[in-house]
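Understanding the architecture of this molecule
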Amino acid sequence: MRKSDSDSDGLVDAHFHFDLFKDSAEVLAEIASRRVRTIAVTNAPSVFHHTLKFSRTSPYLLPAVGLHPELVATHGRELDSMWPLLDQTRFVGEVGLDYVTSDRENRAAQRGVFSSIVERCATYGDKVLSVHSRRSAADVIAVIGGNYPGRVILHWFSGSRRDLDRGLEAGCFFSVGPAMVKSSNGLSLLSAMPRDRVLTETDGPFVQSGGRPARPGDVASVVEAIAQVWNVSQDETKSTISRNFESLLATDLRSRPLATA
Ligand SMILES: [Zn+2]
C-alpha cells in the first residue's frame, strides 16, 4: 500500500467480513472515503477470489485467505486449495480454534487444520494472521508457539488474564471490537494490554453497530471507548492504533523482534 500521512492517521479495522455484504461496491466506497485500512477476512478458500478482486481496486482493502474453525467439519477438504492462495496475499484469516463444540473429533480436526496453516505460513516469514480463539485461547497460543516469524492478531480475545500474558509473550497483537468494549471482561483485558499491541476491529456483519451490521467506519466508536479506558484523547488513540498497524506491517520482521511484555 502507498504510504502517506493521510493513511497513517486513518482508522484501522483489523477484522471485517467484506464478502458477507451484498453491497460490496458501496461498502468499499465507504471504507475508502473514511480511510479505514481494513483486513478483509474470509471463511473458506473457495470464497477468497471475490475479496481479492475488490482489493485490487483499493489500497484500503487487504484481502485475507482463511478457513474458519467452525467450518472445518464441512469445508476442511478445502485446506489444500488454500496453499496456492497464500502466494496471492500476505494476510491470512479467519483461522483458529473454536471450542464451543464439545465434540472431540471436531476439535482435533480444527487443531490439525490450524497447525498446518500456521506451519505453512511460517515458511513465508511475513504472513499476518487474524486468529479466532473462542474458549480455546491456551491451545491457540500453544499452536502458534514462541517462534512464529510473521505477525499474529488475536481477534475478539476473550481468554483469561493468564492466556493474555501468554499471547503477549508470543508477540501477539489484539484486535478489540464493539462487543469487547461493552463487556466488563473485555474492558478488563483491554486495560491489561500494553498499548502498543492494541488494534481495532468490527467483525461485521457478526457484530451490530447502531442497529445494523457493523462496517469498518464503526471502529470510530471502538476508538472512543478505548480512549476512555486509556484516559487520552480520541485523536491520540487513533494515532496509537495507526502506529501499531504500521508496526504490524513492518516488512523486516526478523530483524525487529517484539520485546516480550
Ligand atoms: Zn470474524
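Residues numbered from 1 in each chain as written. Predicted model: local features only at pLDDT ≥ 70, side-chain atom pairs only at ≥ 80, totals over all residues. Heavy atoms only, no water.

**Notes on the packing of helix α6 (residues 104–122) against helix α7 (residues 137–144)**
Running from amino to carboxyl end, α6 crosses α7 at an angle of 35 degrees, the nearest separation of the two axes being 9 Å. Like other packed secondary-structure pairs, α6 and α7 cross with a definite hand, here right-handed. Where α6 approaches α7, its residues Arg111, Phe114, Ser115 and Val118 are matched on the opposing element by Asp139, Val140, Val143 and Ile144. Here the residues of the contact of α6 with α7 are counted per class, giving 5 nonpolar, 1 polar and 2 charged. (Axes fitted to C-alpha atoms, helices over the stretch in contact; angles between N-to-C directions. Helix = DSSP H or I, 4+ residues; strand = E, 2+ residues; numbered from the N terminus. Left-handed = near helix turned anticlockwise from the far one by under 90°. Contact = heavy atoms within 4.5 Å. Nonpolar A, V, L, I, M, F, W, Y, C, P; charged D, E, K, R; others polar.)

**Considering the pairing of strand β2 (residues 36–40)**
Taken across its 5 residues, β2 has 5 buried, putting it largely inside the fold. The β-α-β motif built from strand β1 (residues 11–16), the intervening helix α2 (residues 24–33) and the parallel element β2 has right-handed crossover chirality. Bridging between β2 and strand β3 (residues 61–65) involves 3 bridges; their strand directions are parallel. Its bridge partner lying in β3, alanine 40 is registered against proline 63. (Buried < 20%, exposed > 50% of the residue type's maximum accessible area, 1.4 Å probe, protein only. Right-handed = clockwise from strand over helix to strand, strands pointing away. Pairing = 2+ DSSP bridges.)

**Examining the packing of aromatic side chains**
Aromatic ring pairs are described here by two measures, namely the spacing of the ring centres and the angle between the planes. In total, this model carries 3 aromatic pairs according to the counting rule given. Judged by centre distance (5.0 Å) and plane angle (35 degrees), the rings of phenylalanine 16 and phenylalanine 21 are tilted. Both residues of the pair, phenylalanine 16 and phenylalanine 21, belong to the buried class. Taking 5.2 Å as the distance between ring centres and 80 degrees as the angle between the ring planes, the aromatic pair formed by phenylalanine 157 and phenylalanine 174 counts as edge-to-face. Here phenylalanine 157, found in the loop between β6 (151–155) and α8 (161–169), pairs with phenylalanine 174, found in strand β7 (residues 173–176); they are 17 residues apart in sequence, far enough to count as distant. One cation-aromatic arrangement involves arginine 107 over tyrosine 99; the distance from NZ or CZ to the ring centre is 4.3 Å. (Phe/Tyr/Trp six-rings, centres within 6.5 Å; stacked < 30°, edge-to-face > 60°. Lys NZ or Arg CZ within 6 Å of the ring centre and 35° of its normal.)

**Some details on the pairing of β7**
Side chains Phe173 and Ser175 of β7 all project onto a buried face; the interleaved residues Phe174 and Val176 project onto the opposite face, where all are buried too. Bridging between β6 and β7 involves 3 bridges; their strand directions are parallel. Across the sheet, the residue bridging to isoleucine 153 is phenylalanine 173, located in β7. You can see the chain leave β7, run along helix α9 (residues 184–192) and come back into strand β8 (residues 198–200), and the turn it takes is right-handed.

**Things to note about the coordination of the zinc ion**
Every protein donor of the zinc ion is accounted for by His15 (NE2), His17 (NE2), Glu94 (OE) and Asp203 (OD), and the metal-donor separations fall at 2.2 to 2.3 Å. Around the zinc ion sit 4 donor atoms, and with donor-metal-donor angles ranging over 84 to 172 degrees the site reads as irregular. Between the donor residues of the zinc ion, the gaps in sequence give the motif H-x1-H-x76-E-x108-D. Note that glutamate 94 is positioned in strand β4 (residues 91–96) and aspartate 203 in the loop between β8 and β9 (208–209), a separation of 109 residues in sequence. (Donors = N, O, S within 2.8 Å, 3.2 Å for Na, K, Ca; no water. Tetrahedral: all angles 85-135°; square planar, octahedral: opposite > 155°, others 65-115°.)

**Description of the sheet that holds β6**
An order of β1-β2-β3-β4-β5-β6-β7-β8 is seen for the 8 strands of this open sheet, with the pairing classed as parallel. Looking at strand neighbours, the two that pair on one side only are β1 and β8, the edges of this open sheet. On average, adjacent strands in this sheet sit at an angle of 25 degrees to one another, irrespective of strand direction.

**Comments concerning the environment of alanine 109**
Its place among the elements puts alanine 109 in helix α6. As for alanine 109 and glycine 76, which are separated by 33 residues in sequence, their C-alpha atoms are 8.2 Å apart.

**A short note on α9**
Within α9 the residues assigned to the buried category are Gly186, Leu189 and Leu190. Projected onto a plane normal to the axis of α9, the buried residues spread over an arc of 100 degrees and lie on a single side. The outward face of α9, more than 90 degrees from its buried face, is lined by the exposed residues Ser184 and Ser191. Here the buried face of α9 lies against α8, β7, β8 and α10 (219–230). (Arc of directions from axis to C-beta.)

**Some thoughts on α6**
With 19 residues, α6 extends 27 Å from end C-alpha to end C-alpha; this agrees with the ideal 27 Å at 1.5 Å per step. Within α6 the residues assigned to the buried category are Asn106, Gln110, Val113, Phe114, Ile117, Val118 and Cys121. Around the axis of α6, the buried residues are gathered within 130 degrees of arc, so they sit on the same side. Those residues of α6 that are exposed and angled more than 90 degrees off the buried face are Arg104, Glu105 and Glu119. Against the buried residues of α6 lie α4 (72–75), α5 (79–85), β4, β5 (128–132) and α7. Sitting at the amino-terminal end of α6 is aspartate 103, which places a side-chain oxygen 3.0 Å from the backbone nitrogen of glutamate 105. (Expected span 1.5 Å × (residues − 1). Polar contact = N/O pair within 3.5 Å; in protein donor to acceptor, adjacent residues only side chain to side chain.)

By themselves, these figures tell us nothing about what the structure is for.
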